[in-house]
Amino acid sequence: MGESEDAKRLEELWAGEFGDDYVARNDEYAARNAELQRGRLPFWQARVEALQPANVLEIGCNVGGNLRWIAELVGAEHVAGIDVNEGALQTAREHLPAADLRRAPARALPFADASFDLVFTTGVLIHQPPSELPTVMDEIVRVSRRHVLCGEYQAPDIEEVPYRGQEGALYRADYGRMYQERHPELTLIDQGFLPKGDGPWDDLTWWVFEKPAG
Ligand SMILES: C[S@@+](CC[C@H](N)C(=O)[O-])C[C@H]1O[C@@H](n2cnc3c(N)ncnc32)[C@H](O)[C@@H]1O
């Protein structure tokens with residue numbers, strides 16, 4: 001399969017029944033675990049305090065499991081999200097009517113250069129075909145004015161992980177190193193790990209990068 005066909009295959013997977021099932025599981029889980037979901041707030045409080053973003057864009061925002069907390073911190077009118085799954089976006093819009101939530105693929109972001117102080121992914125680069133990562137990372141860096149954050153499953157070398165009977169749908173990699181190799185102009189300013197434990201995260205390794213001023 002060619003590179004862009006592979007990207008389209010995964011986008012169609014997430015836009016269709018597979019993605020809808022993920023949204024239904026997410027919604028049901030959130031309804032049963034409201035307090036647990038709120039456990040994402042301290043991480044975003046710390047990032048917003050450190051980075052002071054005036055506006056924030058999430059790539060692959062799903063039902064808004066990050067954006068609803070970030071909206072509490074920076075104001076819903078200053079948050080934006082894109083996703084390929086329309087059902088997820090509809091749920092996110094119910095929580096965040098003032099936010100700019102659009103259906104778009106990560107490889108072609110519908111925003112001008114340097115539109116957002118902070119642009120981030122959590123658990124989304126892991127679902128991109130490796131051949132597409134350079135394009136997706138270029139887009140994220142392009143629309144960021146100051147900071148890029150990614151929180152993903154980490155492994156020293158790229159490896160595929162079996163995922164719900166789908167081939168080529170989930171990977172682990174050193175996404176932080178990939179950003180730095182692809183964009184040496186970025187400075188790594190912070191990093192950490194969010195263990196699964198009993199909390200709302202899922203063994204995510206996160207990195208924050210800063211773009212050069214101007
Ligand atoms: C595992 S979920 C993570 C959701 C959210 N970031 C979080 O941390 O709760 C992955 C999300 O990314 C979206 N997604 C996957 N590939 C995408 C792509 N190429 N462009 C835009 N969204 C994508 C999926 O539809 C899904 O909502």
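Residues numbered from 1 in each chain as written. Predicted model: local features only at pLDDT ≥ 70, side-chain atom pairs only at ≥ 80, totals over all residues. Heavy atoms only, no water.

Draft legend 1. Region of interest: the state of the cysteines. Under the defined criterion, the tally for this structure stands at zero disulfides. The closest cysteine sulfur to the non-disulfide-bonded Cys 61 is located on Cys 150, 17 Å from its own sulfur. Relative accessible area serves as the criterion here: at 2%, Cys 61 is assigned to the buried category. What makes Cys 150 buried here is its relative accessible area of 0%. (Disulfide = S-S within 2.5 Å. Buried < 20%, exposed > 50% of the residue type's maximum accessible area, 1.4 Å probe, protein only.)

Draft legend 2. Seen up close, the sheet that holds strand E8 (residues 187-194). Taken in spatial order, the seven strands line up as E3-E2-E1-E4-E5-E9-E8 in an open sheet, and their pairing is mixed. On the outer flanks of this sheet lie strand E3 (100-103) and E8, each paired with one strand and no other. In this sheet, neighbouring strand axes are inclined to one another by 15 degrees on average, regardless of whether the strands run parallel or antiparallel. Bridge count for E8 against strand E9 (residues 204-210) is seven bridges, and the pairing is antiparallel. In the strand pairing of E9, Leu 188 is matched with Phe 209. In the packing of helix H5 (residues 67-74) onto the sheet, contacts are made with strand E1 (56-59), strand E2 (79-83), E3 and strand E4 (116-122), and the angle to E2 comes to roughly 165 degrees. Where helix H7 (residues 133-143) meets the sheet, its contacts fall on E1, E4 and strand E5 (144-152), and the angle it forms with E5 comes to roughly 140 degrees. (Pairing = 2+ DSSP bridges. Helix = DSSP H or I, 4+ residues; strand = E, 2+ residues; numbered from the N terminus. Axes fitted to C-alpha atoms, helices over the stretch in contact; angles between N-to-C directions. Contact = heavy atoms within 4.5 Å.)

Draft legend 3. Up close: helix H2 (residues 17-32). Look at H2: 22 Å from first C-alpha to last across 16 residues, which is about the 22 Å you get at 1.5 Å a residue. Along H2, the residues that are buried comprise Phe 18, Gly 19, Val 23 and Ala 30. Down the axis of H2, the smallest arc covering the buried residues is 140 degrees, so these residues share one side. Relative to its buried face, H2 has exposed residues pointing more than 90 degrees away, namely Glu 17, Ala 31 and Arg 32. (Expected span 1.5 Å × (residues − 1). Arc of directions from axis to C-beta.)

Draft legend 4. Region of interest: unusual backbone geometry. In this structure, Arg 164 takes a positive phi of about 50 degrees despite not being glycine. One can find Arg 164 in the loop between strand E6 (159-160) and strand E7 (171-172). Its relative accessible area of 53% is what places Arg 164 among the exposed residues. Its identity as a non-glycine residue notwithstanding, Asp 203 has a phi of 55 degrees, on the positive side. Structurally, the position occupied by Asp 203 is in the loop between E8 and E9.

Draft legend 5. Fine view of the site of the ligand. Taken together, 20 residues lie around the ligand, and Glu 58, Gly 60, Asn 62, Asp 83 and Thr 122 are the ones closest in. Arg 40 is positioned with one of its side-chain polar atoms (N or O) 3.1 Å from an oxygen atom of the ligand. Asp 83 is positioned such that a nitrogen or oxygen atom in its side chain is 2.6 Å from an oxygen atom of the ligand. Applying the majority rule of atoms within 2 Å of the grid points places the ligand in the largest pocket. Every element with two or more residues in the shell around the ligand is listed here: helix H1 (3-15) and E2. (Near = heavy atom within 4 Å. Polar contact = N/O pair within 3.5 Å; in protein donor to acceptor, adjacent residues only side chain to side chain. 1 Å grid on protein atoms, 1.4 Å probe; cavity = no way out; pocket = protein on both sides within 12 Å on 5 of 7 lines; lining within 4 Å. Sits in = over half its atoms within 2 Å of the grid points.)

Draft legend 6. Main features of H7. Every buried residue belonging to H7 is among Leu 133, Val 136, Met 137, Glu 139, Ile 140, Val 141 and Val 143, and all of these are buried. Among the structural elements, E1, E4, E5 and helix H8 (175-182) are those in contact with the buried residues of H7.

Draft legend 7. Representation of the pattern of salt bridges. Summed over all chains, the structure comprises 15 salt bridges. For the salt bridge of Arg 142 with Asp 113, the shortest nitrogen-to-oxygen distance reads 2.8 Å. In this pair, Arg 142 is assigned in helix H7 and Asp 113 in the loop between E3 and E4, connecting sequence segments 29 residues apart. A salt bridge links Asp 174 to Arg 177; the shortest N-O distance between them is 4.0 Å. Look at the salt bridges and you will find they share partners, linking Asp 113, Glu 139 and Arg 142 into a network. (Salt bridge = Lys/Arg side-chain N within 4 Å of Asp/Glu carboxyl O.)

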